[in-house]
Amino acid sequence: MAQVAFIGLGVMGFPMAGHLAAGGHDVTVYNRSAAKAEAWVAKHGGRAAATPRAAAEGQEFVFACVGNDDDLRSVTIGADGAFAGMAAGALFVDHTTASATVARELAAAADGKFGVLDAPVSGGQAGAENGRLTVMIGGGADDFARAKPVIGCYGANISHIGAAGGGQLAKMVNQICIAGAVQGLAEGLAFAQAAGLDPEAVIGAISKGAAQSWQMENRWKTMVSGTFDFGFAVDWMRKDLAICLEQAKETGARLPLTALVDQFYADVQAMGGRRWDTSSLIARLGAPK
């Protein structure tokens, strides 16, 4: 059993912290909204702290899962930040999808006093709730080895990518690939419907071949029915794609399809779909039911 803190109890962090408690770890939580932290304690036990610093004090591991770079800085840096409370030899594990720049900033801020891993996740709300997340990790190999068994409480596929920032860069690759896959599936389904085909028959025919994908397997039915309430919102996908596009500018990588799909998601936002899940790209195609 480890002494751990978890900072950020959103749709991902709340169940992830719950899996740590179910795994026998002693968990202290912090959330910007104290009511959410109190609700977590009522469900899972443990303790709620008033500040990130208080949550981090005396802990072996401090986990975080917040919204973006600025949110991450706000809970780590400063007098009330987690870093001010962390002891020498502790380990900070960040599950936020953020930039590689902030991951490296935090690693530098630790200055060798404690370890820092950037560890964004993929798998969405369902993966967090079921404890089946994919976790991509940047940072030291020894820190990775130390953290992996604890992350295993909710991570089904845990990979060490490289030095600080490597996890965030891998998550960018993940989001780039998803954007293209969802757009392709949306267009394929819209085409099938416009041609008068039975989508179920078409998917049955192609889903065991080269066209197969996680998106096809898990989202084609709900895309056809116009049901877009599966957790990872368009607003968050646009945040992630903005990180990808900014990183591409720095490295000189070309992302023409990603930039185009990002604008398609802007169309979905304009349709009122800011909180729809990412499969809602089909909505902008006006696919017949």
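Preceding this section is the structure that the text describes.
Notes on the structure in this doc start here. Counting from 1, residues in each chain are numbered in the order their sequence is written. Restriction of local features to residues with pLDDT of at least 70 applies here, the model being predicted, together with a cutoff of 80 or more for giving and counting side-chain atom pairs; totals for whole chains, interfaces and linings are based on all residues. Only heavy atoms go into the side-chain values, all of them from the structure, while hydrogens and water stay out.

Quick word on unusual backbone geometry
Okay, step 1: Phi is positive for Asp 111, close to 55 degrees, though the residue is something other than glycine.
Okay, step 2: With respect to the helices and strands, the residue Asp 111 is situated in the loop between helix 6 (100-110) and strand 6 (115-118). Secondary structure elements follow DSSP: runs of H or I of four or more residues count as helices, runs of E of two or more count as strands, with numbering from the N terminus.

Looking at the pattern of salt bridges
Okay, step 1: The rule for a salt bridge is simple: a side-chain nitrogen of Lys or Arg has to be within 4 Å of a carboxyl oxygen of Asp or Glu. Evaluated as defined, the whole model comprises nine salt bridges.
Okay, step 2: Among the salt bridges present, the one from Arg 53 reaches Glu 57, with a minimum N-O distance of 3.6 Å.
Okay, step 3: Take Glu 57: its relative accessible area is 42%, and that puts it in the partly exposed class.
Okay, step 4: Ionic pairing is found between Asp 70 and Arg 73, a salt bridge with its closest N-O pair at 3.2 Å. With a gap of three residues between them, Asp 70 and Arg 73 both fall in helix 4 (residues 69-76), about one helical turn apart. Here's how the labels work: a residue is buried when its accessible area is under 20% of the maximum for its type, exposed when over 50%, partly exposed in between, all with a 1.4 Å probe on protein chains only.

Looking at the nonpolar core
Okay, step 1: Counting 31 residues, the largest nonpolar core has Phe 6, Phe 63 and Ile 151 as the members making the most contacts within it.
Okay, step 2: The set of elements that each furnish at least two residues to this core consists of strand 1 (3-7), helix 1 (13-22), strand 2 (26-30), helix 2 (34-44), strand 4 (61-64), strand 5 (91-94), strand 8 (133-138) and helix 8 (141-151).
Okay, step 3: Membership of the second largest hydrophobic core comes to 27 residues, among which are Ile 178, Val 182, Cys 244 and Phe 264. Residues belong to a common nonpolar core when they are buried Ala, Val, Leu, Ile, Met, Phe, Trp, Tyr or Cys residues joined through side-chain atoms within 4.5 Å.

With respect to the packing of helix 9 (residues 166-194) against helix 12 (residues 234-251)
Okay, step 1: Axis angles are defined between N-to-C directions and span 0 to 180 degrees, where every axis is a line fitted to C-alpha atoms and, for a helix, only to the segment in contact. Relative to each other, helix 9 and helix 12 sit at 115 degrees, their axes nearing to 9 Å. Relative to helix 12, the element helix 9 is oriented roughly perpendicular. Helix 12 is crossed by helix 9, and the crossing has left-handed handedness. Only Met 237, Asp 240, Leu 241, Ile 243, Cys 244 and Gln 247 of helix 12 make contact with helix 9, whose side of the interface consists of Leu 169, Lys 171, Met 172, Gln 175, Ile 176, Ile 178 and Ala 179. Oblique is the label for any angle not covered by the other classes, which are roughly parallel (under 35 degrees), roughly antiparallel (over 145) and roughly perpendicular (65 to 115). Left-handed describes a crossing whose near helix is turned anticlockwise from the far helix through less than a right angle; right-handed describes the clockwise counterpart. Working rule for contacts: check all heavy atoms of both residues, and any pair within 4.5 Å makes them a contact.

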